[in-house]
Amino acid sequence: MGKFGWFARKHFPMLASNAYLKLQFTTRSKSQKAYCDYFLNAKEVPMPNVVNIETINRCNSTCAFCTANVHAERRPLRKIDDDLYRSIIDQLADWGYKGHLTLYGNNEPLLDTEIVERHKYAREKLPDSFIFMSTNGLILTIDKLKEVAPYINQLIINNYSMEMKLHDNIKEIYDYVKAHPQEFKDLDIQIQMRYLQEVLTNRAGSAPNKKATEKVVKETCLLPFTDMWIMPNGKMGLCCCDNFETTDFGDLTKVSLKEAWGSEQFQQVRRKIAEGRQNYPFCKHCDFIDAGFRMQLVNAILSGDQEAANKLGGHERMKIGKKNNEDDNIK
């Protein structure tokens, strides 16, 4: 919502958060339930729509809403084993996976010194997948952008700050991309202006600035149906709200990707969540809801257009180099 949304998140954080969530839960309930039914009644467990692989569980920012911020992080430092990472990508390739892939979780992907090589391997093995990268951009440089650009379809730069102003290095990247459009013609680069202390959701009680209340959330949730969540310790977790790496639906050093995703254990939990988050303790008080990307995916799938779903971007926000001048309002 542009400057108005920024103003609301900064000056009325809890009101902005709760109003947004109420609207989204109200408008999405029917489609969410329809997709859960589709998933659970399929002859075989459908593939995930988004595979999230967190290759290192660390961040370098101070975002007030995230447990991965440098002041709140309490996870033991882990980086994914190289052989395990390649095995996961190989299994996705053997499965015929063509959906979305992101080497990102509750972390900053650029802190992984091997992140470019990991993207290169993923692109070689999954040529038809939509690979997107989400970064806070704090250590992103033009040279690093050039290195990773050939292997990803979309780059989302979340410019977290206290004012509606680009960080100096991101402004430099912004100016460079605007001046060299042909160099990045095959890459969708987007900047999201984010307020560093915004209030989002309670993320199953883990958000530092929005604790879960005793309120029971009875809506369903799409994430266990759309997203495969892989942590650097090799475990398949429930979703991105498991910031403390406590859920476990399979150790991928011991079981196959497909086996963990389609296990009866996971299916039982999905059946409970499909009838409402109150049926599963981890989700009972969680008010998280996706920003809209998953709804676009499931609506495309429910309409019978899996190919269109696979091509949707990880986020739909302001794009660098749009034909109008809206993006020139950035300072």
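Because the structure is a prediction, the values reported are computed rather than measured. (Residues numbered from 1 in each chain as written. Predicted model: local features only at pLDDT ≥ 70, side-chain atom pairs only at ≥ 80, totals over all residues. Heavy atoms only, no water.)

## Details of the pattern of salt bridges
Opposite charge on two side chains makes pairing possible when the charged atoms of those side chains draw close. Rules: Any carboxyl oxygen of Asp or Glu that lies within 4 Å of a side-chain nitrogen of Lys or Arg is treated as forming a salt bridge with it. Numbering of helices and strands runs from the N terminus, with a helix taken as a DSSP run of H or I at least four residues long and a strand as a DSSP run of E at least two residues long. Remark: exposure states derive from per-residue accessible area (1.4 Å probe, protein chains only) relative to the maximum for the residue type, with buried under 20%, exposed over 50%, and partly exposed in between.
Taken as a whole and assessed by the stated rule, the structure comprises 24 salt bridges. Between Asp 248 and Lys 235 there is a salt bridge whose closest N-O contact spans 3.4 Å. With a gap of 13 residues between them, Asp 248 in the loop between β7 (236-237) and α8 (257-261) and Lys 235 in the loop between β6 (227-230) and β7 connect regions that are remote in the sequence. Of the charged contacts, one joins Arg 271 and Glu 264 as a salt bridge, the two residues approaching to 2.3 Å between their closest N and O atoms. Look at Glu 264 and you get partly exposed, because its relative accessible area is 44%. The network of salt bridges with common partners includes Glu 54, Arg 58, Glu 73, Arg 75, Arg 78 and Glu 245.

## Section: the packing of aromatic side chains
Given two aromatic rings, their pairing is described by the distance between the two centres and the angle made by the two planes. As a reminder of what qualifies: To pair, rings of Phe, Tyr and Trp, with the six-membered ring standing in for Trp, must have centres within 6.5 Å; the planes then decide the type, stacked if under 30 degrees apart, edge-to-face if over 60, and tilted in the middle. By the criterion adopted, a ring carries a charge over it if an Arg CZ or a Lys NZ lies within 6 Å of its centre and within 35 degrees of its normal.
Taken as a whole and assessed by the stated rule, the structure comprises 10 aromatic pairs. For the pair Tyr 35 and Phe 39, a centre-to-centre distance of 6.4 Å together with 55° between the ring planes defines the contact as tilted. Here Phe 39 and Tyr 35 lie together in helix α2 (residues 13-40), a separation of four residues that amounts to about one turn. Taking the centre distance of 5.3 Å and the plane angle of 85° together, the rings of Phe 39 and Phe 225 count as edge-to-face. Placement of Phe 39 in helix α2 and of Phe 225 in helix α7 (residues 223-226) is noted, with a sequence separation of 186 residues between them. Across this residue pair, the class does not change: Phe 39 and Phe 225 are buried. Directly above the ring of Tyr 85 sits Arg 118, whose terminal nitrogen or CZ lies 5.3 Å from the centroid.

## Description of the environment of Thr 27
Rules: Definition of a polar contact: a pair of N or O atoms within 3.5 Å, with one able to donate and the other able to accept a hydrogen when the atoms are protein atoms, and with sequence-neighbouring residues admitted only if both atoms are side-chain atoms.
Structurally, the position occupied by Thr 27 is in helix α2. For Thr 27, a relative accessible area of 53% puts it in the exposed group. Side-chain polar atoms of Thr 27 contact the backbone oxygen of Leu 23, separated by 3.0 Å. Engagement of the side chain of Thr 27 in a polar contact is seen with the backbone oxygen of Gln 24, the distance being 3.4 Å.

## Quick notes on the pairing of strand β5 (residues 188-195)
Our working definition: By this definition, two strands are paired if DSSP reports at least two bridges between them.
In terms of burial, β5 is largely enclosed, as eight of its eight residues are buried. Residues of β5 alternate between two faces, with Asp 188, Gln 190, Gln 192 and Arg 194 on one and Ile 189, Ile 191, Met 193 and Tyr 195 on the opposite face, all of them buried. Bridge count between strand β4 (residues 154-161) and β5: eight bridges; the pairing is parallel. Across the sheet, Gln 154 pairs through a bridge with Asp 188, a residue of β5.

## Points about the packing of α2 against helix α9 (residues 264-274)
Applicable threshold: Between N-to-C directions, angles cover 0 to 180 degrees, with each direction set by a line fitted to C-alpha atoms, over the stretch in contact for helices. For classification purposes, angles smaller than 35 degrees are called roughly parallel, those larger than 145 roughly antiparallel, those between 65 and 115 roughly perpendicular, and all remaining angles oblique. Crossing handedness: left-handed means the near helix sits turned counterclockwise from the far one by under a right angle, and right-handed means the same turn made clockwise. Contacts are assigned to residue pairs that have any heavy atoms within 4.5 Å of one another. The residue classification treats Ala, Val, Leu, Ile, Met, Phe, Trp, Tyr, Cys and Pro as nonpolar and Asp, Glu, Lys and Arg as charged. All others, Gly included, are polar.
Close contact between α2 and α9 brings their axes to 10 Å; oriented N to C, the two are set at 150°. Classified by the angle between their axes, α2 and α9 sit roughly antiparallel to one another. When the axes of α2 and α9 are compared, the crossing they make is left-handed. Across the interface between the two elements, Lys 33, Cys 36, Phe 39 and Leu 40 of α2 pack against Gln 267, Arg 270, Arg 271 and Ala 274 of α9. Of the residues in the contact of α2 with α9, the class split is four nonpolar, one polar and three charged.

## Observations regarding helix α3 (residues 82-95)
Just so we agree on the cut-off: A helix is expected to reach a length of 1.5 Å times the quantity of its residues less one. Working note: the arc is built from the helix axis to C-beta atom directions.
Here α3 spans 20 Å end to end across 14 residues, near enough to the 20 Å set by a 1.5 Å rise per residue. Among the residues making up α3, those that are buried are Leu 84, Tyr 85, Ile 88, Ile 89, Leu 92 and Trp 95. Along the axis of α3, the buried positions cluster into a sector of 135°, meaning they face one direction only. Opposite the buried face of α3, by more than 90 degrees, sit the exposed residues Asp 83 and Asp 94. In the segment just after α3, Gly 96 is the residue with positive phi, at about 80°.

## What to know about a negative patch on the surface
Selection rule: The patches reported here contain residues having more than 30% relative accessible area and no salt bridge. Joining distances are 9 Å for like charges and 5 Å for nonpolar side chains (Val, Leu, Ile, Met, Phe, Trp, Tyr). Where accessible areas are quoted, they stem from the Shrake-Rupley method and a 1.4 Å probe; at the residue level, only the protein chains shown are allowed to cover. Only four residue types enter the tally: Lys and Arg on the positive side, Asp and Glu on the negative side; His and the chain ends are excluded. Working definition for charges: the position is that of NZ of Lys, CZ of Arg, CG of Asp or CD of Glu.
A grouping of Glu 117, Glu 124, Asp 143 and Glu 147 is seen on the molecular surface, where their side chains present a negatively charged patch. Of all the secondary structure elements, the ones that give two or more residues to the negative patch are α4 (115-125) and α5 (142-148). When you line up the elements, Asp 143 lands in helix α5. Using a relative accessible area of 54% as the deciding quantity, one classes Asp 143 as exposed.

## A look at unusual backbone geometry
Despite not being glycine, Arg 203 shows a phi value in the positive range, around 45°. Among the secondary structure elements, Arg 203 is positioned in the loop between β5 and α7. The phi torsion at Ala 204 lies on the positive side, around 60°, for a residue other than glycine. The residue Ala 204 is located in the loop between β5 and α7 in this model. A relative accessible area of 24% places Ala 204 in the partly exposed class.

## Some details on the environment of Gln 197
Mapping Gln 197 onto the fold places it in the loop between β5 and α7. The sequence separation of Gln 197 and Pro 13 amounts to 184 residues, and the corresponding C-alpha distance is 8.6 Å. Not counting chain neighbours up to four residues away, the residues in contact with Gln 197 comprise Ala 64, Met 162 and Asn 209.

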